[in-house]
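These are the residues of each chain, in order.
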Amino acid sequence: DVEDLHRLLGKLRISNAAPGEVHDAESPDNDQARLERRARTLLESRRRRVAIFGPQIFAEPAWDMLLILYLSGGGRRQTQTSLGELSGASRSTAMRWIDYLSCRDLVRREEHPTDKRRNFVSLTEKGRHLLDLYLSETG
């Protein structure tokens, strides 16, 4: 549903930059902001594609999960449940893809300290580095 996609995209809008704010072109913060804009554009484009063609034709959520974690901020974690929701995957599909990404050392799964039913997922250094590389070469 298109409204749900817009609501989920709204959750991902984390940019704190004021409209018209200008950064030094040499600034590492500017480079990171440029990569985050590229990641956000890719994710929004994928959401539009799903809204137009339907979710079945583009069913794998792994790339969405990586982009969502990347846009969540440096090292910020998502719960497995929220990552599944944001990627549009069912609970079981999300768990399978998180396992897949974890086995490839792209994401890290951590137990919740007080609630054993919940786990957190975050990007590994390898995952962040590969996304930085991809986003800088394709932007």
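Everything below is about the structure shown above.
Presented here is a report on the structure given in the accompanying data block. (Residues numbered from 1 in each chain as written. Predicted model: local features only at pLDDT ≥ 70, side-chain atom pairs only at ≥ 80, totals over all residues. Heavy atoms only, no water.)

**Some remarks on helix H5 (residues 91-103)**
- With 13 residues, H5 extends 18 Å between its outermost C-alpha atoms, agreeing within 8% with the 18 Å of an ideal straight helix rising 1.5 Å per residue.
- Inspection of H5 places Thr93, Ala94, Ile98 and Leu101 among the buried residues, and these make up the whole buried set. In an axial view of H5, the angular spread of the buried residues amounts to 130°, which keeps them on one side of the axis. Seen from the open side of H5, the exposed residues pointing more than 90 degrees away from its buried face are Arg96 and Cys103. (Helix = DSSP H or I, 4+ residues; strand = E, 2+ residues; numbered from the N terminus. Expected span 1.5 Å × (residues − 1). Buried < 20%, exposed > 50% of the residue type's maximum accessible area, 1.4 Å probe, protein only. Arc of directions from axis to C-beta.)

**Describing unusual backbone geometry**
- Non-glycine residue Asp105 carries a positive phi angle of around 60°.
- You can see Asp105 is positioned in the loop between H5 and strand E2 (107-111).

**Focus on the sheet that holds E2**
- Spatially, the three strands line up as an open sheet ordered E1-E3-E2, and their pairing is antiparallel. Two strands bound the open sheet, and with one partner strand each, they are strand E1 (78-79) and E2.
- Relative to strand E3 (residues 119-123), E2 runs antiparallel, the two sharing five bridges. Paired with Glu110 across the strands is Phe120, a residue of E3.
- Packing of H5 onto the sheet brings it into contact with E2 and E3, and relative to E2 it is tilted by some 115°. (Pairing = 2+ DSSP bridges. Contact = heavy atoms within 4.5 Å. Axes fitted to C-alpha atoms, helices over the stretch in contact; angles between N-to-C directions.)

**Some details on helix H4 (residues 80-87)**
- Of the residues making up H4, those classed as buried are Gln80, Leu83, Gly84, Leu86 and Ser87. Buried residues along H4 cover an arc of 165° about the axis, so they all sit on one side.
- Trailing H4 by a residue or two, Gly88 shows a phi angle of about 80°, which is positive.

**Remarks on the packing of aromatic side chains**
- This model, assessed by the stated rule, comprises two aromatic pairs.
- Between Trp97 and Tyr100, the aromatic rings sit 5.2 Å apart at their centres with planes inclined by 70°, giving edge-to-face as the arrangement. Here Trp97 pairs with Tyr100, and both are found in helix H5, just three residues apart, close to one helical turn.
- With relative accessibility at 25%, the residue Trp97 sits in the partly exposed group.
- Exposure remark for Tyr100: the relative accessible area of 37% places this residue in the partly exposed category.
- Sitting over the ring of Phe120, Arg77 keeps its end group 3.8 Å from the ring centre. (Phe/Tyr/Trp six-rings, centres within 6.5 Å; stacked < 30°, edge-to-face > 60°. Lys NZ or Arg CZ within 6 Å of the ring centre and 35° of its normal.)

So yeah, pure geometry; function would need other evidence.
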